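Descriptive structure summary
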Amino acid sequence: MRFHVLPKITSNLPIRKVSLNRCEIPQNLVLADPEFWSPGPIDMIIGAEYFCDLLRSRKLKVSDNGPTLQETEFGWVVSGRVSDSSVATLESPVSSDCFVSSTANLEDMIAKFWELESCNTNSILSVEESVCEQMFKETTIRNSEGKFVVTLPKKRGVLRNLGESRGRAMSRFLSLERRLSAKAELKALYADFIHEFVSMGHMKEVSDDVSVDMCQNSVKMGPNTVGMRQNNVQNVSELNPVYYLPHHEVLKPESTTTKLRVVFDASCRTSTGVSLNDALMVGPTVQNDLLSIILRFRLHRYAISADIEKMYRMVQVQQPDQHLQRILWRDTPDEPVKTFELTTVTYGTASAPYLATRCLKQLAEDGSASHPIGSRVVRDSFYVDDCLVGADSVEEGKHLVEETTDLTNSAGFNLRKFNSNSPEILASIPEDLKEKKSVLEFDSSDSTVKTLGLKWDIESDNFCFSIPHWRSSSSQITKRSVHSDAACLFDPLGLVGPVVVQAKMIIQQLWRLKVGWDDPLDDQYQNLWKEYKQSLMPLESLSVPRWLGFSKDSVSVQLHGFCDASEVAYGACGISGVSIDSKTRLYSIMYNRRMYFH
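Attention here is on the structure that accompanies the text. Remember, it's a predicted structure, so these values are computed and weren't measured experimentally.

**A short note on the packing of aromatic side chains**
Under the defined criterion, the tally for this structure stands at nine aromatic pairs. Taking the centre distance of 5.6 Å and the plane angle of 15° together, the rings of Y190 and W329 count as stacked. With Y190 in helix α6 (residues 184-199) and W329 in strand β11 (residues 326-329), this pair connects stretches of sequence that are 139 residues apart. Grouped by ring-pair contacts, the aromatic residues F173, Y190 and W329 constitute a single cluster. When the ring centre of F297 is taken as reference, the NZ or CZ atom of R546 above it lies at 5.4 Å.

Okay, here's the thing in structure tokens:
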């Protein structure tokens, strides 16, 4: 068994002394805790997955109103209700304990907030990342339809320790089912999502006793291969373990396509304490960072955006690894629970982002000769599944869209949600592939909570900022809430760096005060944070031109840099100067960085 070592599990139990006068415990029984009647510390908590294994067959009820005695591997245990008459005087106040587990990693949120102000450098691949890359090159193929078929990058040593997972997945599913039963509309959306998985071949029903035969499950190879030999496919998995993924919904009401998305929990631990994500390699980052992509996005007169439809699900997973992606589902509680296997890269697994983006990179390499322009777009202008690219003329933009779409379609990656500041470019795109919204939001995470976010207004071709409603000003302000609010400030270009740095200065002051995470701040800092949040409101009226003015007609391009420092912070910005002809000169802020000084 795996245990977490804690300074204290709970308060002493029982909370009161229990009189033995009416318990009538037989003298010949060996008790697991001879002094169960006296308050004392709890040494360990054993999880429910082991509970039934520790019980023996004998059970004894000493009286109708008395406790129950159960024989276990540790001896007899006493449980149940005792009457008031058997309770001795109270030695300590009655107390109760509530245990809360937070899935949000506050340290990660803080780190991301500060990383926005750091310089990005190309890192050397770690040993694990190198192994992951090598495995991708040796085992990835493209099937007869041109789609990529990948192997999950597994840690062999950890995978051997993967335990039983169906029981917990079943418990989570039944809880989900009860919740959905109370919300008819939500249940319908959820069922539609699952049915779509099945109809598109992204999920298939299996029996729980399916055996894995590597030799019978080889993948049909197509004309294009990526360093792949058939014997590599057959050696992908020697262990053939099975893992059941719990799942739940994520609602995105603002989405113009998918209002509900089902997310799969590959971090759910098995009976051995090991989860599927523990056994998967994350893989290196293979795409450019968002800052670089947006900066290049500003260089062209005509801007184009699009995204890939169901990107992860367009990448298939080798047959043997599909047994690691099982889920439970039934349409109604009257039906038996069915087992399905997901056949594509699954959102929620640790390796999913790497596998999907690595396939895009490989597609760019495969198409470099036949689609040179589209290959460059796929390689340099995609951030996960979002494409941000530009052209200097309408004809160039149309050709770029046509070639990029042709290349991505060859691998099953369907480009959609096209938008552009050029009506002529948009007119050449089928209506069903156009984005309905006129504002594109940039965000480096999947968070639905954002207090300050960068947007591109297509009609005006300007960058602007969105500020959703803050939490109620009457709510308690603590160091935790300040960090939570500040971590939502997303400004990759540093256009409002002088504003964001003020939040960092306040955070530094709170750390110097050494206040607790959940201790209410004093009135001075309560008012200071309220005033700061209120000061962000005018940013909604701020707009910055997306296009820097560069074009083929530019006579010269200049970059002017400025920097300054104070006792609390230092900052720098770059301003581009573009000479269109001998008389006209256009200046625009290209890059603004306000660095926080420790």
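Now that the structure is up, let's keep going.
**Focus: the pairing of strand β15 (residues 415-420)**
When you tally the buried positions in β15, you get six out of six residues, the bulk of the element. With four bridges connecting them, strand β9 (residues 302-308) and β15 associate as antiparallel partners. In the strand pairing of β15, I304 is matched with S420.

**Section: the environment of E441**
Along the chain, E441 turns up in strand β16 (residues 439-441). In sequence terms E441 and K455 are 14 residues apart; their C-alpha atoms lie 4.3 Å from each other.

**Quick word on the pattern of salt bridges**
A complete count under the given rule lists 20 salt bridges for this structure. The residue R480 makes a salt bridge to D518 at a minimum N-O spacing of 2.7 Å. With R480 in helix α13 (residues 479-486) and D518 in the loop between α14 (497-513) and α15 (523-535), the pair connects residues that are 38 residues apart, well separated along the chain. Exposure remark for R480: the relative accessible area of 35% places this residue in the partly exposed category.

**Some words on the sheet that holds strand β18 (residues 462-466)**
Reading across from one edge, β16-β17-β18-β19 is the order of the four strands in this open sheet, with antiparallel pairing throughout. Of all strands in the sheet, those with a lone pairing partner are β16 and β19 (543-545), marking the two edges. Ignoring which end each strand starts from, the neighbouring axes of this sheet average 30° apart. In this structure, β18 lies alongside β19, joined through three bridges in antiparallel fashion. When the bridges of β19 are listed, F463 appears paired with V544.

Thresholds applied
- Residues numbered from 1 in each chain as written.
- Predicted model: local features only at pLDDT ≥ 70, side-chain atom pairs only at ≥ 80, totals over all residues.
- Heavy atoms only, no water.
- Phe/Tyr/Trp six-rings, centres within 6.5 Å; stacked < 30°, edge-to-face > 60°.
- Helix = DSSP H or I, 4+ residues; strand = E, 2+ residues; numbered from the N terminus.
- Lys NZ or Arg CZ within 6 Å of the ring centre and 35° of its normal.
- Buried < 20%, exposed > 50% of the residue type's maximum accessible area, 1.4 Å probe, protein only.
- Pairing = 2+ DSSP bridges.
- Salt bridge = Lys/Arg side-chain N within 4 Å of Asp/Glu carboxyl O.
- Axes fitted to C-alpha atoms, helices over the stretch in contact; angles between N-to-C directions.

By themselves, these figures tell us nothing about what the structure is for.
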